[in-house]
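# Observations on chain architecture
Each chain, written out:
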Number of protein chains: 4
Amino acid sequence: MKPRPTELDAATSAARHQASDTTDEWRTALTCIEPNKILVRGYPLDEIMGRLTFGEAIYLLLVGEIPSPGMGRVMEALLVSFIDHGATPPSTLAARNTATTGAPLRACVAAGVLGFGRYHGGDIETCMQFLDSGLALVREGVGLRDAAERIVQKYVDTHEVPPGFGHRFHTRDPRAARLFQMALELEVEADHIQMIRAVEIALHGHPDEHGRTPPVNIDGAIAAVCGDLGIPPTIADALFIISRVPGIAAHADEERQRQQPMRQIDPKDHRYDGPSARRLPERRK
Amino acid sequence: MKPRPTELDAATSAARHQASDTTDEWRTALTCIEPNKILVRGYPLDEIMGRLTFGEAIYLLLVGEIPSPGMGRVMEALLVSFIDHGATPPSTLAARNTATTGAPLRACVAAGVLGFGRYHGGDIETCMQFLDSGLALVREGVGLRDAAERIVQKYVDTHEVPPGFGHRFHTRDPRAARLFQMALELEVEADHIQMIRAVEIALHGHPDEHGRTPPVNIDGAIAAVCGDLGIPPTIADALFIISRVPGIAAHADEERQRQQPMRQIDPKDHRYDGPSARRLPERRK
Amino acid sequence: MKPRPTELDAATSAARHQASDTTDEWRTALTCIEPNKILVRGYPLDEIMGRLTFGEAIYLLLVGEIPSPGMGRVMEALLVSFIDHGATPPSTLAARNTATTGAPLRACVAAGVLGFGRYHGGDIETCMQFLDSGLALVREGVGLRDAAERIVQKYVDTHEVPPGFGHRFHTRDPRAARLFQMALELEVEADHIQMIRAVEIALHGHPDEHGRTPPVNIDGAIAAVCGDLGIPPTIADALFIISRVPGIAAHADEERQRQQPMRQIDPKDHRYDGPSARRLPERRK
Amino acid sequence: MKPRPTELDAATSAARHQASDTTDEWRTALTCIEPNKILVRGYPLDEIMGRLTFGEAIYLLLVGEIPSPGMGRVMEALLVSFIDHGATPPSTLAARNTATTGAPLRACVAAGVLGFGRYHGGDIETCMQFLDSGLALVREGVGLRDAAERIVQKYVDTHEVPPGFGHRFHTRDPRAARLFQMALELEVEADHIQMIRAVEIALHGHPDEHGRTPPVNIDGAIAAVCGDLGIPPTIADALFIISRVPGIAAHADEERQRQQPMRQIDPKDHRYDGPSARRLPERRK
């Protein structure tokens, strides 16, 4: 029988090692460290510095190759899109509740990352699988609209919203719209984006009692874009985590700088006092 | 007497709230969320997407303003410099040991972030204080070289290496050299970088029994650059955490994709099998 | 359509709150805090102190009632059984790798807890479901041995070991045997323990090429005992986490007290130098 | 010069290992694992099961020896005293905010443990040092009352409350009183408890504008008791973490069972609906 991997195997594995010299064959393709030399996926890290952006270096590290300029720009936009969503997401509140106890910043960031549960960012992976199920139909010869109609039906029947859709706060997520626009302009749009748009249209045929249908949300937009960039779901999940860490760190730092320790954090009880709406400087447009 | 902030105050604070309507005056200057609108430090998030890089958006979120182009490029290089340091740092091993148990990616990342203890990345903040102590002397009229000599003396006396210096593996950290070069070219070099160089020279007067002196390491380089960019130590700490998350996520993902679960992870027992050394494509130089 | 719970709902929920006074109806049945009074599941905490053991208080808090003396003793044994399994489990190594970076004890414990992935302690919940599937057959009129045979067949067919069984290190887990013995003596043994024994016998009919069959392991024993105590799988999962925290904390503390910081932790490279085998004092038997 | 322990040393240490067979001399005195045998501090784990309580086994694992019956009972009471403090401590809120995102129980527990910052449980270690500073004076020949008066003076001068004292919610912490009573009855009371009582009396001489002085809180009581049991501050810190994990797990589990996912958690907005005040059954008194 094939044994189950358990804690006890770990002990056994140690015992076996003491008896022989066989190794576990641990191989890594990420980074090679030698004296005065650091190669990330083969490229010297000091050469990358100043020549690839952080977003491009993240792509290189996770995917293995330098992205094309268009892919690189979409990658940057994707990472920026999730950078922060205000004080009320539970992951941010977990980080702030940790910060108010006087915990160090790294503990606050870890607590925030743990707050990316199934319901928080988890739609990206589910939505990729959802779109792939539609594209599988297309490859079998079903038309795009019919395929979208078919994969939507299950959710219509159970009165549920498909993954990557829906938003009670925003009726049109500005981040999703912008990401699709960029994918189009930079010519990285392909079948996943087409499928999610077909799904959006298919949903128009099934409005709720107020005549509304759910819009694509940012999870859905990122799922579609990652699909078209050839990024596998597990890497898309990593990108989501990476993209939100700055927001979590910023809130934890602000909590420590501006608030009393050991306070009771009521999510409704906050007020924005930052700069009012402003436009990017000309040189940035 | 001024009460201590403790768990029990939290309960009291809740009790007080039940009796009155006064609020804790929680204010946040980071991100404003309104229907169909997300403002990061006042800028619409969808306008930032595609116009600021992830590194520039991180600076905006943490510091409050868009960096100048030169500062932005140094910020990118700084974030790239820490992106990964191979399989053996304890934080990476914590993430891999978590991954081998079948834990989800976010749990692995959190465990890795918790492995940024005092000895791992912690030198940045300490080194900033160390350089500031030297610059305080300069402001009092002491010459740069004398100030460096004075702050180094304490470490020489106790046979310790000052924060931001030393490396048993690299004798010249390629990342530190590149960061200083960029700071010079992009004209963001100022008194902190001058001070750390003065310290390096001062250390030359105190070689060890083999005639060697410790080089500036990447923690020291980042401390000096952050000092010259006007980034406070707590934000520098946040930047360090943000910069290493992609590496931790990449190792956790690789562990899950390429290795058997519940294996014994011996840091010495790995082999790099990624691409061999290669140069950036021409268009990237 | 029923909306999906997402980050964006959180923001919406906050918005709704600003408009009305309706509450989320948050109710808790665990602990009531009033001035100079703390009631845990209705019992004054200061009365519990000295009258219930920690194990009994854990049962009270999680399950809602004080256990019978027999159940209380089995609960203590169950918590003790997992208290530590040496230096090599990946969760312990995650905690030690965190400790070696100089991180505070609570960060080390958190990293260790994160190392309870699917393959590490996760068998308890799976095994409970496995036993329940057999007991469902029994309730339909199938005999105990036949039911065990049937639920084992799937694993025999795929050459896999059922959850709660198998051990490459111990051929007879001393903890499992002791837990079953205590359950019998204290008269808490019921249908789940009978089912896991029937499964063990059923497995004897399907030896591997060396004539061996996998023994019940401690995960299986705890699953069966929790089933017979009427403890639901989610609470059994909580008990596993609680039981191992002392071991993780002890290893993290030992790492900080006895080892150099920033060392490379090789799981094979350790030696036990504690007391050699000794017997409990007479008064404890 | 003595090098600083940094990430880079970890890489070096690996490099050195590749060249030689010398080991890091990793020794552990906690648990010895051999086939079919598990020794905790020398005692077979299966013999401990049913003979030591969980609290006694925790003491054995952390301190190295089986506690005397009196010490064991105080240890149990100490662990029970912290088991839960309702829904509002920030660590509990961090765990609940993590749970509401659909994260697994272990992630919620880790987030909760990270919420034991400097202000949350951190007083135990500080108070032990505070009491020790007084006892050092006593050893120099200063009387108990004078020593207490002296160490209190610093706090009186700065209008601060000494560590281990103060409580805005409870004016008399029922847990502290009970712990002292038990220590007295079980004859483990010694100089640390005498010192904390002397401090409490000394504070009576310095009432606030309302004529009030801060009472000993549970952190102070545990600090004094641990001091008298000979438990070092780092182990006392471990005990605090261990004692609160059941409460965190219970709240995380309740959040998942009783509340909607992705809800906004307002600490003021909850209501206790568990059993009303009840007495322990006769056999437990």
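Keep in mind the model is a prediction, meaning the values are calculated, not measured.

## Some words on the overall build of chain A
Of the regular secondary structure elements, chain A holds 12 helices and five strands. Principal-axis analysis of the C-alpha atoms places the extent of chain A at approximately 70 × 55 × 45 Å. Scored against the burial criterion, the 285 residues of chain A give a buried share of 64%. Looking at chain A alone, contacts between residues at least 24 apart form 71% of all its contacts between residues at least 6 apart. Distance between charge centres in chain A, computed from 32 positive and 38 negative side chains, equals 5 Å.

## Let's talk about the packing of aromatic side chains
A full pass over the atoms with the stated rule returns 14 aromatic pairs over all chains. Relative to Phe240 of chain A, the ring of Phe82 of chain A has its centre 4.8 Å away and its plane inclined at 75°; by these criteria the two rings are edge-to-face. Taken together, the positions of Phe82 of chain A in the loop between helix H4 (69–81) and helix H5 (90–99) and Phe240 of chain A in helix H12 (residues 233–258) put the pair 158 residues apart, joining distant regions of the chain. Across the pair, exposure class does not vary: Phe82 of chain A and Phe240 of chain A are buried alike. It is Arg197 of chain C that lies over the ring of Phe180 of chain C; its NZ or CZ is 5.0 Å from the centre.

## Describing the interface of chain B and chain A
Every contact between the two is made by 124 residues of chain B and, on the other side, 125 residues of chain A. A buried area of about 11200 Å², summed over both sides, lies between chain B and chain A, and 63% of it is on carbon and sulfur atoms. Considering only the surface of chain B that becomes buried against chain A, Trp26, Phe54 and Arg106 of chain B emerge as the three largest contributors, covering 10% of it. Here chain B is connected to chain A by eight salt bridges. The shortest N-O distance in the salt bridge between Asp237 of chain A and Arg106 of chain B comes to 2.3 Å. Remark: the boundary between chain B and chain A carries 48 residue pairs in polar contact (both at pLDDT 80 or more). Counting residues per element, the side of chain B that touches chain A draws most heavily on helix H12 (residues 233–258) of chain B, which supplies 19 residues.

## Some thoughts on the relation of the copies chain B and chain A
Overlaying chain B on chain A yields an RMSD of 0.0 Å, the required transformation being a rotation through 180° with an accompanying axial translation of 0.0 Å. With respect to symmetry, the two chain copies, as superposed, fit the operation of a two-fold axis. In terms of proximity to the rotation axis, the leading residue of chain B is Ala110 of chain B, whose C-alpha is 2.2 Å off the axis.

## Thoughts on the relation of the copies chain B and chain C
Between the two copies, chain B and chain C, the superposition gives an RMSD of 0.0 Å; the rotation angle is 180° and the shift along the axis is 0.0 Å. A shared interface surface links the copies, since 100% of the contact residues of chain B are contact residues in chain C too.

## A short note on helix H9 (residues 174–185) of chain A
Residues and elements named next belong to chain A. The terminal C-alpha atoms of H9 lie 17 Å apart, and with 12 residues this matches the ideal 16 Å at 1.5 Å per residue to within 8%. Among all positions of H9, only Pro174, Arg175, Ala176, Arg178, Leu179, Phe180, Met182 and Ala183 are buried. Just beyond H9, the residue with positive phi is Glu187, at close to 60°.

## A short note on the sheet that holds strand S3 (residues 37–40) of chain A
Residues and elements named next belong to chain A. Spatial strand order, S2-S3-S4: three strands in an open sheet with antiparallel pairing. Each edge of the sheet is formed by a strand with only one pairing partner; in this case those strands are strand S2 (31–34) and strand S4 (43–44). With four bridges joining them, S2 and S3 adopt antiparallel strand pairing. Looking at S3, one finds that Ile33 is bridged to Ile38.

## Some words on the packing of helix H7 (residues 123–139) of chain B against helix H10 (residues 191–204) of chain B
Residue and element names in this part refer to chain B. Interaxial distance between H7 and H10 falls to 10 Å at its minimum, and their mutual angle equals 95°. With respect to H10, the element H7 is oriented roughly perpendicular. The segment H7 lies against H10, with Cys127, Phe130, Leu131, Asp132, Gly134, Leu135 and Val138 engaging Asp191, His192, Met195, Ile196 and Val199. Among the residues forming the contact of H7 with H10, the class breakdown is eight nonpolar, two polar and two charged.

## Some remarks on the sheet that holds strand S2 (residues 31–34) of chain B
One open sheet accounts for three strands, arranged S2-S3-S4 (chain B); its pairing is antiparallel. With partners counted over all chains shown, the strands left at the sheet margins are S2 and strand S4 (43–44) of chain B, one partner each.

## With respect to the interface of chain B and chain C
Each side of the interface is counted separately: chain B has 27 residues, and chain C has 27 residues. When chain B packs against chain C, close to 2300 Å² is buried across both sides, 65% of that on carbon and sulfur atoms. Taken together, chain B and chain C are joined by two salt bridges. Residue Asp266 of chain B pairs with Lys268 of chain C through a salt bridge whose shortest N-O separation is 2.6 Å. At the junction of chain B with chain C, the criterion picks out 12 residue pairs in polar contact (both at pLDDT 80 or more). Taken together, the elements giving at least two residues each to the side of chain B that touches chain C come down to helix H5 (90–99) and helix H6 (105–114) of chain B. Tallying contributions element by element places H5 of chain B first for the side of chain B that touches chain C, with five residues. Across the side of chain B that touches chain C, the residue classes tally to 14 nonpolar, 10 polar and three charged.

## Focus: the pattern of salt bridges
Inspection of the entire model under this criterion finds 64 salt bridges over all chains. Taken together, the shared-partner salt bridges in this structure form one network comprising Arg96, Glu254, Glu255, Arg258, Arg263 and Asp273 of chain A.

## As for the packing of helix H5 (residues 90–99) of chain C against helix H12 (residues 233–258) of chain C
For any two helices packed against each other, the geometry is given by the interaxial angle and the distance between the axes. Residues and elements named next belong to chain C. It is the contact of H5 with H12, at a shortest axis distance of 9 Å, that shows an interaxial angle of 35°. As for how H5 packs across H12, the hand of that crossing is right-handed. Judged by residue contacts, Ser91, Thr92, Ala95, Arg96 and Ala99 of H5 engage Arg244, Ile248, His251, Ala252, Glu254, Glu255 and Arg256 from H12. Split by residue class, the contact of H5 with H12 holds four nonpolar, three polar and five charged.

## Some points on unusual backbone geometry
For Asn36 of chain A, which is not glycine, the phi torsion reads 60° and is therefore positive. By secondary structure assignment, the location of Asn36 of chain A is in the loop between S2 and S3. Unlike most non-glycine residues, Arg41 of chain D shows phi in positive territory, near 50°. Inspection of the secondary structure puts Arg41 of chain D in the loop between strand S3 (37–40) and strand S4 (43–44). Overall, Arg41 of chain D belongs to the buried group, its relative accessible area being 12%.

## A short note on the confidence of the model for chain A
Per-residue pLDDT for chain A has a mean of 90; in total, 91% of the residues score no lower than 70. Across residues 8–23 of chain A, where pLDDT falls below 50, the model places 28 contacts with residues more than four positions away in sequence or in other chains.

## Quick word on the side chain of Arg263 of chain C
Looking at where Arg263 of chain C falls in the secondary structure, it is placed in the loop between H12 and strand S5 (270–272). For Arg263 of chain C, a relative accessible area of 6% puts it in the buried group.

## Some details on the pairing of S3 of chain A
All names here are of chain A. One ladder, built from two bridges, connects S3 with S4; its direction is antiparallel. Among the inter-strand pairings, Val40 is bridged to a residue of S4, identified as Tyr43. Between S3 and S4, which pair antiparallel and follow one another directly, the connecting turn spans two residues, one of which, Arg41, has a positive phi of 50°.

Rules of the game
- Residues numbered from 1 in each chain as written.
- Chains lettered and ligands numbered in written order.
- Predicted model: local features only at pLDDT ≥ 70, side-chain atom pairs only at ≥ 80, totals over all residues.
- Heavy atoms only, no water.
- Helix = DSSP H or I, 4+ residues; strand = E, 2+ residues; numbered from the N terminus.
- Buried < 20%, exposed > 50% of the residue type's maximum accessible area, 1.4 Å probe, protein only.
- Contact = heavy atoms within 4.5 Å.
- Lys, Arg positive; Asp, Glu negative; His and termini not counted.
- Charge placed at Lys NZ, Arg CZ, Asp CG, Glu CD.
- Phe/Tyr/Trp six-rings, centres within 6.5 Å; stacked < 30°, edge-to-face > 60°.
- Lys NZ or Arg CZ within 6 Å of the ring centre and 35° of its normal.
- Buried area = accessible area lost by both parts, 1.4 Å probe.
- Salt bridge = Lys/Arg side-chain N within 4 Å of Asp/Glu carboxyl O.
- Polar contact = N/O pair within 3.5 Å; in protein donor to acceptor, adjacent residues only side chain to side chain.
- Least-squares fit on C-alpha atoms with pLDDT ≥ 70 in both.
- Expected span 1.5 Å × (residues − 1).
- Pairing = 2+ DSSP bridges.
- Axes fitted to C-alpha atoms, helices over the stretch in contact; angles between N-to-C directions.
- Parallel < 35°, antiparallel > 145°, perpendicular 65-115°, else oblique.
- Nonpolar A, V, L, I, M, F, W, Y, C, P; charged D, E, K, R; others polar.
- Left-handed = near helix turned anticlockwise from the far one by under 90°.
- pLDDT = per-residue confidence, 0-100.

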